[in-house]
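Below, each chain spelled out in residue letters.
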Amino acid sequence: RKEVEQDPGPFNVPEGATVAFNCTYSNSASQSFFWYRQDCRKEPKLLMSVYSSGNEDGRFTAQLNRASQYISLLIRDSKLSDSATYLCVAKNQAGTALIFGKGTTLSVSS
Amino acid sequence: GAVVSQHPSWVICKSGTSVKIECRSLDFQATTMFWYRQFPKQSLMLMATSNEGSKATYEQGVEKDKFLINHASLTLSTLTVTSAHPEDSSFYICSARASGGSQETQYFGPGTRLLVL
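Cut-offs used in this document
- Residues numbered from 1 in each chain as written.
- Chains lettered and ligands numbered in written order.
- Predicted model: local features only at pLDDT ≥ 70, side-chain atom pairs only at ≥ 80, totals over all residues.
- Heavy atoms only, no water.
- Contact = heavy atoms within 4.5 Å.
- Buried area = accessible area lost by both parts, 1.4 Å probe.
- Salt bridge = Lys/Arg side-chain N within 4 Å of Asp/Glu carboxyl O.
- Polar contact = N/O pair within 3.5 Å; in protein donor to acceptor, adjacent residues only side chain to side chain.
- Helix = DSSP H or I, 4+ residues; strand = E, 2+ residues; numbered from the N terminus.
- Buried < 20%, exposed > 50% of the residue type's maximum accessible area, 1.4 Å probe, protein only.
- Pairing = 2+ DSSP bridges.
- Core = buried A, V, L, I, M, F, W, Y, C linked by side-chain atoms within 4.5 Å.
- Disulfide = S-S within 2.5 Å.
- Axes fitted to C-alpha atoms, helices over the stretch in contact; angles between N-to-C directions.

### Focus: the interface of chain B and chain A
- Counting from both sides, the interface comprises 19 residues of chain B and, opposite them, 18 residues of chain A.
- Surface buried jointly by chain B and chain A totals about 1,500 Å² across both partners, of which 51% is contributed by carbon and sulfur atoms.
- Here chain B is connected to chain A by 0 salt bridges.
- If you look at where chain B meets chain A, you find 2 residue pairs in polar contact (both at pLDDT 80 or more).
- When residues of the side of chain B that touches chain A are traced back to their parent elements, those giving at least two are strand S4 (30-38), strand S9 (90-98) and strand S10 (106-108) of chain B.

Put into structure tokens, the structure is as follows:
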């Protein structure tokens with residue numbers, strides 16, 4: 001079983017839609033979680049950290065459920081520029097490196 | 001934000017050639033750098049963790065004699081793919097963690113695309 005699993009999509013949505021991505025992780029000892037965004041043929045860029053209490057950054061909301069080992073990302077009012085691959089990331093047990101999911105591809109159309 | 005560069009951006013080489021990729025932290029010191037590999041439509045896979053002045057720690061399944069890592073200074077780590085073969089063709093990305101900064105802050109380089117013919 002992969003350490004971090006995501007639905008690969010693709011998710012095809014119109015502008016203005018709300019879309020949610022889910023992610024599960026297998027290592028209950030993981031302490032830190034993140035969502036990264038990766039554009040085609042580019043390096044991943046940190047979108048936001050994920051906290052147990054849930055956190056919001058503009059149109060983006062991240063949630064963490066430690067009991068279910070489940071992470072989510074909600075994007076409201078989708079923009080064309082949101083089209084990218086969203087990577088769910090957990091820090092490894094030692095807390096030294098990042099473990100990436102395969103990513104979920106989002107395509108927002110006008 | 002902090003900047004990490006990689007050189008070269010693209011490499012096309014013949015099978016059997018060794019290829020060296022450089023990763024530099026441009027405006028901060030990085031005691032730890034990480035090397036990842038990403039195949040098309042796959043996730044980034046951690047290959048090794050490189051600590052300045054010491055031997056790299058390789059992930060399971062990554063051949064240390066095939067992928068030589070050197071982290072000789074606080075701003076430079078190199079990955080050498082020795083005797084590259086077509087199956088080594090991939091997107092190689094490094095990241096650097098700032099010394100004394102947030103333990104959770106890693107900055108990624110722009111990546112190096114390697115194509116082995």
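What follows picks up the thread again.
### Some points on the environment of Cys-88 of chain A
Residue and element names in this part refer to chain A.
- Tracing the backbone shows Cys-88 in strand S9 (residues 84-91).
- Look at Cys-88 and you get buried, because its relative accessible area is 1%.
- Remark: the alpha-carbon pair of Cys-88 and Gly-103, spanning 15 residues in sequence, is separated by 6.6 Å.
- In this structure, Cys-88 is in contact with Val-4, Gln-6, Cys-23, Phe-34, Trp-35, Ile-71, Ile-99, Phe-100 and Gly-101, ignoring residues within four places of it in sequence.

### Section: the pairing of strand S3 (residues 19-25) of chain A
Residues and elements named next belong to chain A.
- Residues Val-19, Phe-21, Cys-23 and Tyr-25 line the buried face of S3, whereas the alternating positions Ala-20, Asn-22 and Thr-24 sit on a face that is not buried.
- As defined by bridge partners, strand S1 (residues 4-6) adjoins S3 across 3 bridges and the pair is classed as antiparallel. Looking at the pairing, Glu-5 lines up with Thr-24 of S3.
- Strand direction decides the pairing type here: S3 and strand S8 (residues 70-75), joined by 6 bridges, are antiparallel. Counterpart to Val-19 in the pairing with S8 is Ile-75.

### Details of the nonpolar core
- If you look at the biggest cluster of nonpolar residues, it comprises 25 residues, and the most contacted ones within it are Cys-13, Trp-35, Phe-67, Leu-79, Tyr-92 and Leu-114 of chain B.
- Where this core is concerned, the elements lending two or more residues are strand S2 (10-13), strand S3 (19-25), S4, strand S5 (45-51), strand S7 (67-73), strand S8 (76-81), S9 and strand S11 (112-116) of chain B.
- Here Leu-114 of chain B is in contact with Val-11, Cys-13, Val-19, Val-81, Asp-88, Ser-89, Ser-90 and Tyr-92 of chain B, once residues within four sequence places are set aside.
- Ranked by size, the runner-up nonpolar core spans 24 residues in total, among them Leu-64, Cys-88, Leu-106 and Val-108 of chain A.

### Quick notes on the state of the cysteines
Residue and element names in this part refer to chain B.
- Overall, the coordinates contain 2 disulfides over all chains when judged by the stated rule.
- Each disulfide pairs two cysteine sulfurs, and for Cys-23 the partner residue is Cys-94, the sulfurs being separated by 2.0 Å. Between Cys-23 and Cys-94 the sulfur-sulfur dihedral comes to about 80 degrees; the bridge is accordingly right-handed. With Cys-23 in strand S3 and Cys-94 in strand S9, this residue pair connects regions lying 71 residues apart in the sequence. Summarising the burial analysis for this pair, Cys-23 and Cys-94 share the class buried.
- Considering cysteine sulfurs only, Cys-94 is the nearest to Cys-13, which forms no disulfide, with 19 Å between them.

### Comments concerning the sheet that holds S1 of chain A
All names here are of chain A.
- Spatially, 5 strands are ordered S1-S3-S8-S7-S6 in an open sheet, and the strand pairing comes out antiparallel. Both outer strands of the open sheet, S1 and strand S6 (55-57), are each paired with one neighbouring strand and no more. Across the sheet, the mean angle separating the axes of adjacent strands is 20 degrees when strand polarity is ignored.

In short, shape yes, function no, at least from these values alone.
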